[in-house]
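Each chain is listed here by its residues.
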There are 6 protein chains.
Amino acid sequence: MALVYVTRRERFNAAHQMRNPNWSDEKNEEVFGKCSNKNWHGHNYELFVTVAGQPNPDTGYCVDLKKVSDIIKEFVTEELDHRNINLDVPFMKDKLASTENLTIEIWKILVPHIKKLGANLYEVKLFESENNFVAYRGE
Amino acid sequence: MALVYVTRRERFNAAHQMRNPNWSDEKNEEVFGKCSNKNWHGHNYELFVTVAGQPNPDTGYCVDLKKVSDIIKEFVTEELDHRNINLDVPFMKDKLASTENLTIEIWKILVPHIKKLGANLYEVKLFESENNFVAYRGE
Amino acid sequence: MALVYVTRRERFNAAHQMRNPNWSDEKNEEVFGKCSNKNWHGHNYELFVTVAGQPNPDTGYCVDLKKVSDIIKEFVTEELDHRNINLDVPFMKDKLASTENLTIEIWKILVPHIKKLGANLYEVKLFESENNFVAYRGE
Amino acid sequence: MALVYVTRRERFNAAHQMRNPNWSDEKNEEVFGKCSNKNWHGHNYELFVTVAGQPNPDTGYCVDLKKVSDIIKEFVTEELDHRNINLDVPFMKDKLASTENLTIEIWKILVPHIKKLGANLYEVKLFESENNFVAYRGE
Amino acid sequence: MALVYVTRRERFNAAHQMRNPNWSDEKNEEVFGKCSNKNWHGHNYELFVTVAGQPNPDTGYCVDLKKVSDIIKEFVTEELDHRNINLDVPFMKDKLASTENLTIEIWKILVPHIKKLGANLYEVKLFESENNFVAYRGE
Amino acid sequence: MALVYVTRRERFNAAHQMRNPNWSDEKNEEVFGKCSNKNWHGHNYELFVTVAGQPNPDTGYCVDLKKVSDIIKEFVTEELDHRNINLDVPFMKDKLASTENLTIEIWKILVPHIKKLGANLYEVKLFESENNFVAYRGE
């Protein structure tokens, strides 16, 4: 049997800021620079979700990517798109709104849903910009 | 003599919202949908500035793109990057933060600076996302 | 008043072949090469629709790009996506399935719908691949 | 000694359909949706072939990518480009034309040819669209 | 009759330097900065050639893009690819190796060849990098 | 604790040639083809540096990507940008200027600097063109 890695891309646009609530403004400015702007900034995030599994002999598909797309939209991008990551997103509450933390939380949300499709989540990769991105594999 | 069109790309990441202050929340929601989120959302904006002119026989350059880049950074992207377009940007004060209005204001700012380089501003093109973008040519 | 050019990107995947029904197989092969394969080939088409108009003072928008997207989907990409351009698409019936002809027909379909939004269609640009694309401006 | 991973990109345009011949039209429509269109649809496929090996001290190359490109063209993309994956491609005969199956078959074809170059095939990655892609590593 | 604009992309990789032979090293360094490095630097150039014409009723094509590609390769990219623009390219002899001058010379070379195909050259656009590019339309 | 992979992209433009000094011109031409041009050619190189580590609870960052970018610029791209890889770059002296060797040397340079940031270098990936790239993971 063959193990394939199948990836679906989705996108969302969101505002955020990097601020540690236990720190002074000066300390936040010193550590996070312009990312700490109190009035927020934002990004077009690009999300790549990779699942691993074996092609089903009846369909040739490892998973139906339409279903993967629906799951990502319902549980992840609907929560994030045109939202403020610090203020509007329950699963990021009380967490620093870094791409690292966002990637890890998206992983946690998706794991059981991908399992139900008969495959395993392999990697979540999140681009904050063309220059910066984060991957998480549940390690 | 030959007229060439020379383009420089710059980028900035910003938060914004689409809200008409003369309208109720309901009307803003109806017209602008999720773009009216009071808690803001954001984008990675990509800006293409095109100037028109003739190559200088001594340099082969229409303009020094390093200087065009410096002008865009000093007068445009420094003002917008990691900022809130509605709250932080003097040249967008009291204007609706649409990509259209932003593109027009960037044009107005750049015209005299490009003139001083001995060329003419030909077009400002601003991508809000891979799917949506606006161009303005001073018409 | 300012004239802005606003562009929306949409995509569709379709099969087609290049064959002139008045020609022999040999002649079709000679002129169209492997594009004349009787068993079809296909592309991921990328469509850029540009409309021209003035920003509305109440919205800051030239047009609501959500409406432009809905129009393109309803009248163009729903007809083409996952279809055979030669066999399945009424507006391409009896026309050679070139990117040129496809671009011109998409223009004709969109003109009245964009008009109703209070703007003018400026350009339809269609990418058949990263190396080949066609633009039409109604000239 | 250092192990490097060297990748070559190639492209092909092809038609296909997703249909299980043991199923009714209704069942195919239900499972594969518009991908089951009897009249075919198509894609611009992007193929990334990664080989692993050590740089040769005389050339600095792990493999000559020109030779990798020639192998991919001769044995893979010549067979697929401007073809119908279901009808025209011997190595896909009696297989469901999914990107998963296509990726696995391309892997099988390339393994011995890469071996002859003194390197090992590490991964075949195939993009069906900007949103969907599959990787296979021979696991 | 409809006027369409058809574009073909080609690529080449070349070395160059920006140096005015009438100037001292200091002056070249002052004006061209690191682009004046005597030991050369280089780029992956991306060339977009746009021709304008009417679709032929027998083919649906404005021009056969295969022929446009062949012309660009024979007369332009074969001369430039893996070459030194200052030293190896007859049509750039005694010219400053700016993207502006290169774009203009490519235009001059292509005009008569596109004419013979029954179309008109509309634009040559040359990307030196993702951030810098030049267009020329014969004005 | 979660292990994340964080990537930063940087770019540089450089000239090089592929020539083994122990070989005749004929042998170099035979093995390296047009890459052996004595007058050099060049590329826009794209560099992706991936580091692995755990998000810091106080910042949400695995590493400050601004610092990663500064390190890459100071020790790698400043040495390579607008330079000749064969002639100008101390860490490539007496090495064949292949993308493989360049990738390995960049890895060696970066390892200790990333260590000081409290993370581990995971992968260096270097694109010579959109079609050819090399990755090294220190194996």
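Presented here is a report on the structure given in the accompanying data block. Every chain begins its residue count from 1, and numbering advances along the sequence as written. Chains and ligands are labelled by the order in which they are written, letters from A for the one and numbers from 1 for the other. Where totals are concerned, whole chains, interfaces and linings use all residues; where local detail is concerned, this predicted model gives features only for residues with pLDDT of at least 70, and gives and counts side-chain atom pairs only at 80 or more. Water and hydrogen atoms play no part in the side-chain values, which are based on all heavy atoms of the structure.

1. Looking at the interface of chain D and chain C
Inference 1: Across the boundary between the two partners, chain D contributes 25 residues, which contact 25 residues of chain C.
Inference 2: For the chain D and chain C pair, buried surface summed over both sides reaches about 2000 Å², with 42% attributable to carbon and sulfur atoms.
Inference 3: A quick way to say it: buried area is the sum, across both parts, of accessible area lost when two parts are put together, with a 1.4 Å probe. When the buried surface of chain D facing chain C is broken down by residue, Asn39, Asn44 and His82 of chain D rank first, second and third, together holding 29% of it.
Inference 4: A side-chain nitrogen of Lys or Arg and a carboxyl oxygen of Asp or Glu constitute a salt bridge if their distance falls within 4 Å. Linking chain D with chain C are 6 salt bridges.
Inference 5: Among the salt bridges present, the one from Arg9 of chain D reaches Glu130 of chain C, with a minimum N-O distance of 2.7 Å.
Inference 6: Any pair of N or O atoms that falls within 3.5 Å is considered a polar contact. Within protein, one atom must be able to donate a hydrogen and the other to accept it, and sequence-neighbouring residues count only if both atoms are side-chain atoms. Where chain D packs against chain C, one counts 21 residue pairs in polar contact (both at pLDDT 80 or more).
Inference 7: What counts as a helix is a DSSP run of H or I of at least four residues, what counts as a strand is a run of E of at least two, and both are numbered from the N terminus. Elements represented by at least two residues in the side of chain D that touches chain C include exactly strand 1 (4-16), strand 2 (41-53), strand 3 (83-84) and helix 3 (85-88) of chain D.
Inference 8: Here the nonpolar group is Ala, Val, Leu, Ile, Met, Phe, Trp, Tyr, Cys and Pro; Asp, Glu, Lys and Arg are the charged ones; every other residue, Gly included, is treated as polar. In the side of chain D that touches chain C, the residues fall into 5 nonpolar, 11 polar and 9 charged. Contact between two residues is taken to exist if any of their heavy atoms lie within 4.5 Å; hydrogens are not considered.

2. Description of the relation of the copies chain F and chain A
Inference 1: Taken as rigid bodies, chain F and chain A are interconverted by a rotation of 120° and an axial shift of 0.0 Å, the fit giving an RMSD of 0.0 Å. Such a turn and shift between the copies fits a three-fold axis. Rotation axis and chain F: the residue whose C-alpha lies nearest the axis is Glu130 of chain F, separated from it by 8.7 Å. For the least-squares superposition of copies, only C-alpha atoms count, and only for residues with pLDDT at least 70 in both.

3. Some remarks on the packing of aromatic side chains
Inference 1: Any pair of Phe, Tyr and Trp rings, taking the six-membered ring for Trp, is counted once the centres come within 6.5 Å. Such a pair is stacked with planes under 30 degrees apart, edge-to-face with planes over 60 apart, and tilted for the rest. Counting across every chain of the model gives 48 aromatic pairs over all chains.
Inference 2: On the numbers, 6.2 Å between centres and 50° between planes, the contact of Phe48 of chain D with Phe133 of chain F is tilted. With Phe48 of chain D in strand 2 and Phe133 of chain F in strand 5 (residues 132-136), this pair bridges two chains. With respect to burial, Phe48 of chain D and Phe133 of chain F carry one shared label: buried.
Inference 3: Three or more aromatic residues joined by ring pairs make a cluster, and in this case those are Phe48, Phe127 and Phe133 of chain A, Phe48, Phe127 and Phe133 of chain D together with Phe48, Phe127 and Phe133 of chain F.
Inference 4: In this scheme, Lys NZ or Arg CZ marks a charge over a ring once it lies within 6 Å of the ring centre and within 35 degrees of the ring normal. Sitting over the ring of Tyr5 of chain E, Arg137 of chain C keeps its end group 4.7 Å from the ring centre. When accessible area is computed with a 1.4 Å probe and restricted to protein chains, residues below 20% of their type maximum are described as buried, those above 50% as exposed, and intermediate ones as partly exposed.

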